[in-house]
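One letter stands for each residue in the lines below.
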Amino acid sequence: AMKSKKSPHLKLPGWEAGVRRNDMKRSESREIAFTLIFERSFKDETIDEIIEQAVVGRNIEVDDYAYHLAKDVSDHMPWLDASIAKYSKKWKLNRMSRVALSILRMSLWEIDHEDTVPVGASINEAVELAKRYGNDDDFSFVNGVLGAYVREEGKESPELIPEKQDAGQILPDAAEAVISGVEE
C-alpha cells in the first residue's frame, strides 16, 4: 500500500487540512509574509523556494495574501529599498536591523499598492510586528519611516478617515498620534 503523502498544512481545529486557506486574518497573513521576507534577507533563494521550504519543511500555512505580499515585496526590492533609504534620513540600509528592514519593505508595499488595506492599519500592524520581533528601537524607527513616507507621498487621506467621522476632520486622533509621533 502506498503511504499517503503528509499534507504540508497545519492541522489546527477548524482548518481544512490540505486546502489553501483564505479565511486567515489579515494580521496572520501579514505575519507569515513578514517571516518569509525576513528569511529571504538571509538567503540567496527565490521567494518561491523559501515558501516551499516553509510549507513543506515547517508546516507553515501560507494563504494567498501572504504569498502575494511576500512575492511582490521580493520582486520590487530596489524600489522599496530606495524608498526606505529616502525616508530613513541618515540611516544606511545595512545598519538597520533585518527585522525593521523586512517590516518596512512589507508595509511600504502594502501602503503603496494594496488598496484594500487602510494606511493606518498597515502602520499599526507594522509597529506591532516590530514590537514582537524587533529590538527596543525598531518599532519607533518603523513608525517614523512609515509616517514620513505617508506624509510626503500624500497617502494619509482619505482612507484614514473612519466612516462615522465628520469628513472635515481629516485625520482621526489615533492616526494623528501615529503620524505626529514621527520626528520632523
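Residues numbered from 1 in each chain as written. Predicted model: local features only at pLDDT ≥ 70, side-chain atom pairs only at ≥ 80, totals over all residues. Heavy atoms only, no water.

(A) Highlighting the pattern of salt bridges. Summed over all chains, the structure comprises 8 salt bridges. Put simply, Arg132 and Glu31 hold a salt bridge, and the shortest N to O gap is 2.8 Å. Of the two residues, Arg132 is situated in helix 6 (residues 119–133) and Glu31 in helix 1 (residues 26–40); the sequence distance between them amounts to 101 residues. Residues Glu128 and Lys131 are paired through a salt bridge, measuring 3.8 Å at the closest nitrogen-oxygen approach. In this pair, Glu128 and Lys131 are both assigned in helix 6, 3 residues apart and thus about one turn of the helix distant. Looking at Lys131, the relative accessible area reads 44%, which means it is partly exposed. (Salt bridge = Lys/Arg side-chain N within 4 Å of Asp/Glu carboxyl O. Helix = DSSP H or I, 4+ residues; strand = E, 2+ residues; numbered from the N terminus. Buried < 20%, exposed > 50% of the residue type's maximum accessible area, 1.4 Å probe, protein only.)

(B) Region of the structure containing unusual backbone geometry. With phi around 55°, Asn59 is a residue other than glycine that occupies positive phi space. Within the secondary structure, Asn59 sits in the loop between helix 2 (47–58) and helix 3 (64–75). Residue classification places Asn59 among the partly exposed residues on the basis of a relative accessible area of 23%.

(C) View of the packing of aromatic side chains. Counted under the stated rule, the structure contains 6 aromatic pairs. Plain terms: the ring middles of Phe34 and Tyr133 are 5.0 Å apart, the flat faces sit at 45° to each other, and that makes the pair tilted. Of this pair, Phe34 sits in helix 1 while Tyr133 sits in helix 6, and the two are 99 residues apart along the sequence. A residue is classified by how much of its surface remains accessible, and Phe34, at 2% relative accessible area, is buried. Aromatic ring contacts, followed pair by pair, group Phe34, Phe38, Phe42 and Tyr133 into a single cluster. The ring of Phe42 has Arg98 lying over it, and the distance from NZ or CZ to the ring centre is 4.2 Å. Positioned above the aromatic ring of Phe139, the side-chain terminus of Lys131 is 5.1 Å from the ring centre. (Phe/Tyr/Trp six-rings, centres within 6.5 Å; stacked < 30°, edge-to-face > 60°. Lys NZ or Arg CZ within 6 Å of the ring centre and 35° of its normal.)

(D) Helix 3, seen in detail. Helix length check: helix 3 (12 residues) gives 16 Å between terminal C-alpha atoms against 16 Å at 1.5 Å per residue, within 8%. For helix 3, the complete set of buried residues consists of Tyr65, Ala66, Tyr67, Leu69, Ala70, Val73 and Ser74. The secondary structure elements touched by the buried residues of helix 3 are helix 1, helix 2, helix 4 (77–87) and helix 5 (98–113). (Expected span 1.5 Å × (residues − 1). Contact = heavy atoms within 4.5 Å.)

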